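Reading the structure
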Amino acid sequence: MRFLAAIGALAIVFAIGCAIFFFGGYYSVAATAEDPAAVTWALTKVRTASIERHANEGPPVAFGETAMVQAGANAYASFGCVNCHGAPGVKWLKYSEGLHPDPPDLKKVAADLSPTQLFWIVKNGINMTGMPSFALAGANDAEIWSIVAFVKKLPSVSDADYKSWTASAEPKQ
Ligand code: HEC
C-alpha cells in the first residue's frame, strides 16, 4: 500500500513538473532548437506508422501516363511545392533552409513511398511540420494524383523537360 502511495505521489510531482516546464514557457518552440536524437527517432516512427495506417486510396487508371505527369509538373509548380522541395533545374527558396524539420529532396524519397502514401501526404499534409495539406489549399483529387505521378517520375525528369512542362504555370491565388 505504501509502495503504491509513493508511486502515486511521484506521478503527481512529475505531472506538476511537466505542467510548470511546458505552461511556464521553459520549453523552447524555436525552430533553431535541436531535437534530441530520441525525439527525432520517435517522431519519424510515428509519422511513418501514421501514414502507413491512414493511406488507403489507390491511383486512378491513367496514373503515370505522360499527359498526367506533365500536368502534375504544372500543378507542382503552381501549388508552390517547388519553393520548399526544389525541382529539376530550380533552386529551393532560401526560407526552406529555415524550416524544421527541413523539407526532403523528393527525388530521393520518391522511390520509398507508394503512390497511395504520396497521395495521402500531399492531400492531408503533415501536422506540426511545414508540409501543408493541399486539399485545404484547394487542390482537387485529380490534381493531387497528377502531382503524385510527377513526383514518382522526378528522378528521371530533366531540367529542360521540367522547364517546358511548367512554362504556363501560374502561382495559385
Ligand atoms: C512550406 C513548405 C512546403 C511546401 C510548399 C510543400 N512541402 Fe512537402 N514537406 C515540407 C516539409 C517541412 C516536410 C517534412 C515533414 C516531415 O519531416 O515530417 C515535407 C514532406 C513532404 C513529403 C514526405 C516526404 C517523406 O520523406 O516522408 C512529401 C511526399 C512532400 N512533402 C511532397 C510535397 C508536394 C508534392 C508539395 C506540393 C504539392 C509539397 N510537398 C509542398 C514542406 C513543404
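Above: the structure in question.
The following paragraphs examine the structure supplied in this document. The structure displayed is predicted, hence computed values, not measured ones. (Residues numbered from 1 in each chain as written. Predicted model: local features only at pLDDT ≥ 70, side-chain atom pairs only at ≥ 80, totals over all residues. Heavy atoms only, no water.)

1. Describing the coordination of the iron atom of the ligand
Our working definition: Coordination partners: N, O, S within 2.8 Å of the metal, 3.2 Å for Na, K and Ca; water not considered, so apparent gaps in a site are possible. Four donors are marked tetrahedral only if all angles between them lie between 85 and 135 degrees, whereas four are marked square planar and six octahedral if opposite donors are more than 155 degrees apart and the other angles lie between 65 and 115; the remainder are marked irregular. Where helices and strands are cited, they refer to DSSP runs of H or I of at least four residues and of E of at least two residues respectively, numbered from the N terminus. Throughout this description, buried means an accessible area under 20% of the type-specific maximum (1.4 Å probe, protein chains only), exposed means over 50%, and partly exposed covers the range between.
Within the protein, His85 (NE2) and Met131 (SD) serve as the donor atoms for the iron atom of the ligand, at 2.0 to 2.2 Å. For the iron atom of the ligand, the six donor atoms in the first shell make angles of 87 to 178° at the metal, so the coordination geometry reads as octahedral. Taken as a pair, His85 in helix α4 (residues 81-85) and Met131 in the loop between α6 (115-124) and α7 (141-153) lie far apart in primary sequence, 46 residues in all. Assigned by exposure class, His85 and Met131 land together as buried.

2. Remarks on the packing of aromatic side chains
Threshold: For this analysis, a ring pair means two rings from Phe, Tyr or Trp (six-membered ring only for Trp) whose centres lie within 6.5 Å, classed as stacked if their planes differ by under 30 degrees, edge-to-face if by over 60, and tilted for the remaining angles.
Counted under the stated rule, the structure contains nine aromatic pairs. Aromatic pair Phe21 and Tyr27: ring centres 6.2 Å apart, planes at 70°, arrangement edge-to-face. A relative accessible area of 36% means that Phe21 is categorised as partly exposed. Ring-pair connections join several aromatic residues into one group, and the members of that group are Phe21, Phe22 and Tyr27.

3. Quick word on the side chain of Ser133
Test applied: Whether two residues are in contact is decided by their heavy atoms, any of which lying within 4.5 Å being enough.
Within the secondary structure, Ser133 sits in the loop between α6 and α7. Among the residues examined, Ser133 registers a relative accessible area of 14% and is labelled buried. Residues in contact with Ser133, not counting those within four places in the same chain, are Val122, Lys123, Asn124 and Gly125.

4. Side note on the site of the ligand
How we decide: Residues are counted as near a molecule or strand when any one of their heavy atoms sits within 4 Å of it. Polar contacts here mean pairs of N or O atoms no more than 3.5 Å apart (in protein, one a potential hydrogen donor and the other a potential acceptor; neighbouring residues in sequence count only if both atoms are side-chain atoms). Classification used: nonpolar for Ala, Val, Leu, Ile, Met, Phe, Trp, Tyr, Cys and Pro, charged for Asp, Glu, Lys and Arg, polar for all others including Gly.
As a matter of local geometry, the ligand sits amid 22 residues, with Arg47, Cys81, Cys84, His85 and Met131 nearest to it. A distance of 3.0 Å separates an oxygen atom of the ligand from a polar atom in the side chain of Arg47. In the model, a nitrogen atom of the ligand is placed 2.8 Å from a nitrogen or oxygen of the His85 side chain. Elements supplying a minimum of two residues to the shell around the ligand: α4, α5 (106-109) and α6. Counted by class, the shell around the ligand contains 17 nonpolar, four polar and one charged residues.

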